Each structure stands twice: as C-alpha cells, then as structure tokens.
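The residues making up each chain are set out below.
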Amino acid sequence: MSIVDYYNKKKEFKIEDYYNISIQNERLLKAIEDKLTWFHGGIRHPLKAEYWEDIWDQCMNPDGSNWIGGGHQSGADTKHVNSNVSYQNKSGQIKGNNVEITSHRTKGAGPSMEEKLKFISKDHCDKYVLLSRDEKDWKKKIKSYNLMVFDSNIIDFKKLDWSPHIPGRGKNKGKHNGGYIGSGEPDKYSARIDGPGSSNQLHITINLDYIGGYHKFIIP
C-alpha cells in the first residue's frame, strides 16, 4: 500500500504525519500506545532494549523497513524510511526536572579526555528517542512510560567544562579514577564519563524543558 493510499484509508490523519516523527504526532502516539498495550497483554516486565527498537521501528515505519536489531549504522538503532533520519533508542530515567541516559562506552576511543571528547562528539545519530519508566508508578503496579524525541545536535559536549573526576570516598579517594565530569548550564545538560571499570561509559543528564518535554503513556 502506498503512503497516499494509507492516509486515504485513515482519514483522521494527514499525510504530513507520516514524516512528522515527534511527540505531537497523534498517529505515532496511538500506534505506540497500541503496541505497548499489546505487549503487556502477555508480559508483566517493562519494555526494554531491542524490543523497544522493534516496536518504535514498526510504529515509525508502518509500511515496513529493513530494521535489524543492533542498529543500521554505528551509534544509531533505527531509521525513518521516508526522511532517512536515524535514531538512537534509549530507556532513560526521569529524576526531577531531568532525564538521565546512558550512552557510548569510550574505552576504545583512547585514554585521554581529548580522544574521548572527539569520539562522543561525532554524529552518531540524528535524534534520540527515549521511552523512560516512572519507577514510582511501577512499584504501584502502574505501567507508565514517558516518550521523548529530540535532536542529537542540541547536545554539544565540546561546550561543557570537562575536569577529571576525583572521588571523595572509596579506594580512589582524592585520586583521579580515570573518569571525567562535564559541567554545563543546569537548564540544559551535563555529562560524565565513568572510570575504566565500566569501559569509560558516558552518562548524560538533560533538562526536560530543554528537549521539549515528554508524552506519558499509562497502559492498562
């Protein structure tokens, strides 16, 4: 079925919705909610990892795609067929006014901060798409998810003030543990790179208003 035929059949949506991949796209939100409801018809645990990639790809590309678990390209997990926009799918965790996500492992980039910064600053994807869970809801057996979609270029790691991480306690107290802290404006984003024990993994904290907020799903 062609895109035009698809939308002629579904009069409640405009053809522009097929290209508008955002939390304002009602067709996309309805498709995701339907898939989440279907998933939890048999599964009690939260939707994660490649299952989230698969569901996102099906909802974003209802006419089909060449999605393969593990990503179309380095750093990207899914791709919008019509616009060729690539997405990195994450879970994320909302804490107060921020969402926290775990990103690249930087051990292979090299030991120096300059090498790691060069690696994490590459264009790994065009956009991030997060499906975070509210742990307080889940403890109450309420299946809730928060969807966020935003451009990856609003995060510029080179604009952060990077410094070595010096732990205040533990066996590495007072010594550089191989990690780094990237400080930024509190109403935008900040980051940190863990020490070698976690393959120098990158963590990003982003203000919710800065990325345009989120859409909340509550699944029966």
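Because the structure is predicted, anything quoted here is derived from the model rather than measured.

How would you sum up the nonpolar core? Please name residues and give values.
One finds Trp56 and Leu147 to be the most contacted residues of the largest nonpolar core, which totals 23 residues. Of all the elements in the fold, those that place two or more residues in this core are α2 (26-39), α3 (49-60), β5 (127-133), β6 (143-151) and β11 (215-219). Contact partners of Trp56, with chain neighbours within four places excluded, come to Ile21, Leu28, Ile32, Thr78, Tyr87, Asn89, Val129, Leu147 and Val149.

Summarise α2; cite the residues concerned and give the values.
The end-to-end C-alpha separation of α2 is 20 Å, in line with the 20 Å expected for 14 residues at 1.5 Å each. Looking only at α2, the buried set comprises Arg27, Leu28, Leu29, Ile32, Leu36 and Phe39.

Summarise the packing of aromatic side chains; cite the residues concerned and give the values.
The description of two aromatic rings rests on the distance between their centres and on the angle between their planes. Evaluation of the coordinates by the stated rule reveals five aromatic pairs. With 5.6 Å between their ring centres and 80 degrees between their planes, Trp138 and Tyr145 make a pair best called edge-to-face. What makes Trp138 buried here is its relative accessible area of 15%. Tyr145 gets classed as buried once you look at its relative accessible area, which sits at 0%.

Run through the sheet that holds strand β2 (residues 86-90), naming residues and quoting values.
Taken together, the five strands give an open sheet; going across it, the order is β1-β2-β5-β6-β11, and neighbouring strands pair in mixed fashion. Only two strands of the sheet have a single neighbouring strand rather than two, namely β1 (78-79) and β11. Relative to β6, β5 runs antiparallel, the two sharing seven bridges. Bridging across to β6, Tyr128 finds its partner in Phe150. Relative to the sheet, α2 contacts β5, β6 and β11, its axis offset from that of β11 by approximately 30 degrees.

What counts, and where the lines are drawn
- Residues numbered from 1 in each chain as written.
- Predicted model: local features only at pLDDT ≥ 70, side-chain atom pairs only at ≥ 80, totals over all residues.
- Heavy atoms only, no water.
- Core = buried A, V, L, I, M, F, W, Y, C linked by side-chain atoms within 4.5 Å.
- Buried < 20%, exposed > 50% of the residue type's maximum accessible area, 1.4 Å probe, protein only.
- Helix = DSSP H or I, 4+ residues; strand = E, 2+ residues; numbered from the N terminus.
- Contact = heavy atoms within 4.5 Å.
- Expected span 1.5 Å × (residues − 1).
- Phe/Tyr/Trp six-rings, centres within 6.5 Å; stacked < 30°, edge-to-face > 60°.
- Pairing = 2+ DSSP bridges.
- Axes fitted to C-alpha atoms, helices over the stretch in contact; angles between N-to-C directions.

By themselves these figures say nothing about function.
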